[in-house]
Amino acid sequence: MSAAAIHLDEGMRVDHSYRSGAPRLRLSSMLASSSAKDDPTVYVQTTEERFSNTQLHSLSAFFGNELRRVNEVVGVKLTKRNQNGRDVIHVWTSLSKDDRDTRFRVYEIEERLMSHFHDELFDFHLHLTGDNLPGGRVPIYPAADADEG
Amino acid sequence: MPTRDDHLKLVDQFTAFLDRERPHLMTPPQIELAIAAAYYRSLHYIDAWLAIADLHPANDGERFAEMRDRDLRGVFPQYRNVKDRYNEALYQARKFTVYDLTEDILDSARGIRDIMSRKLGC
């Protein structure tokens, strides 16, 4: 897997892999074992090659700078799908805690993301890593990226 | 394509459902149905506003972009919350309590209703 790490200030690091079919299980394990509170790394994953490196770098840097303010965010995955003839970037944000205040902080960041990248179409999804999910802590992201909403 | 009034008729139907069923007395699967009704009502409020400008989003990607560009940023967080809760109930079999329904999901849905009914004059 070819991977790159973007080093930001205060030890913030964004890892992302460029290659299609990146080993999701391995990344999921990394996310599941990491505590956002102890480890300020936000992992940004994409499994598609249709992102340009520039686009992916820009999105990753945005998340690195914005989401580090929300301790409960433990991972972000980006996928791009063609829907009705236009590419829609789906943003899957993974939270370690189900909390209304946390969710609304993420929503504010999503709103800024849309304003910042105003030429892109985005759809957003939240996923919980907590024990309250059916099946325990493993399912960071949906297995098959179900066609939600 | 559906007009403003077409969307608002659906809004009325889902509102009638929520009012009739008394959410604070609900048990599953009524809770899940109420979450779906709250989501559909919220979506049709937004699409009613967009239909005035002859905009008819085919998915949430398009809808979010139009919300950003058509003065609907104020309802974005509330709509996101209702949509997330609906998706959790639908795709993750997440169990919600009456408290979740009334204090979180319907609270957001009421926020959308309050803003959109003022904008739409209904």
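Above this text is the structure in question.
The structure contained in this document is the topic of the report that follows. (Residues numbered from 1 in each chain as written. Chains lettered and ligands numbered in written order. Predicted model: local features only at pLDDT ≥ 70, side-chain atom pairs only at ≥ 80, totals over all residues. Heavy atoms only, no water.)

**What about the overall build of chain A?**
Our working definition: Only DSSP runs of H or I covering at least 4 residues are called helices, and only runs of E covering at least 2 are called strands; the numbering of each starts at the N terminus. Between buried and exposed lies partly exposed: a residue is buried under 20% and exposed over 50% of the maximum accessible area for its type, with that area taken using a 1.4 Å probe on protein chains only. Residues are treated as being in contact if the distance between any of their heavy atoms lies within 4.5 Å. Per-residue accessibility takes into account occlusion by the displayed protein chains alone, with areas from the Shrake-Rupley method and a 1.4 Å probe.
For chain A, the count of helices and strands is three helices and six strands. Along chain A, helices and strands appear, N-terminal first, in the series β-β-α-β-α-β-β-α-β. Per-residue burial over chain A gives 52% buried out of 149 residues. Taking the intrachain contacts of chain A between residues at least 6 apart in sequence as the baseline, contacts between residues at least 24 apart amount to 63%. Accessible surface, chain A as shown: approximately 6,800 Å² in total, 47% of it carbon and sulfur.

**Regarding helix α3 (residues 100-116) of chain A**
In an α-helix, one turn spans 3.6 residues; hence positions three or four apart end up facing the same way. What counts, and what does not: To estimate how far a helix should reach, multiply one less than its number of residues by 1.5 Å.
Counted at 1.5 Å a residue, the expected span for α3(A) with its 17 residues is 24 Å, and the 24 Å between its end C-alpha atoms agrees. The complete set of buried residues in α3(A) reads Thr102(A), Arg103(A), Phe104(A), Val106(A), Tyr107(A), Ile109(A), Glu110(A), Glu111(A), Leu113(A) and Met114(A).

**Some remarks on the interface of chain B and chain A**
When the parts of a complex come together, some accessible area is lost, and that lost area is often used as the size of the interface. The following threshold applies: Note on definitions: buried area is the accessible-area loss of two parts on being combined, 1.4 Å probe, summed for both. We define a salt bridge as a contact between a side-chain nitrogen of Lys or Arg and a carboxyl oxygen of Asp or Glu at a distance within 4 Å. Distance and chemistry together define a polar contact, namely a pair of N or O atoms within 3.5 Å, with one atom able to donate a hydrogen and the other to accept it when in protein, and with adjacent residues in sequence counting only for side-chain atoms on both sides.
Facing 27 residues of chain B, the contacting portion of chain A comprises 30 residues. On the chain B side of the interface with chain A, the three residues burying the most area are Arg68(B), Phe76(B) and Gln92(B), jointly 23% of the side's total. The interface formed by chain B and chain A includes seven salt bridges. We note a salt bridge from Asp98(A) to Arg85(B), for which the minimum N-O separation is 3.5 Å. Linking chain B to chain A there are 15 residue pairs in polar contact (both at pLDDT 80 or more). Residue assignment for the side of chain B that touches chain A shows that the elements contributing at least two residues are α3 (60-69), α4 (76-91) and α5 (98-120) of chain B. The biggest single contributor to the side of chain B that touches chain A is α4(B), with 10 residues.

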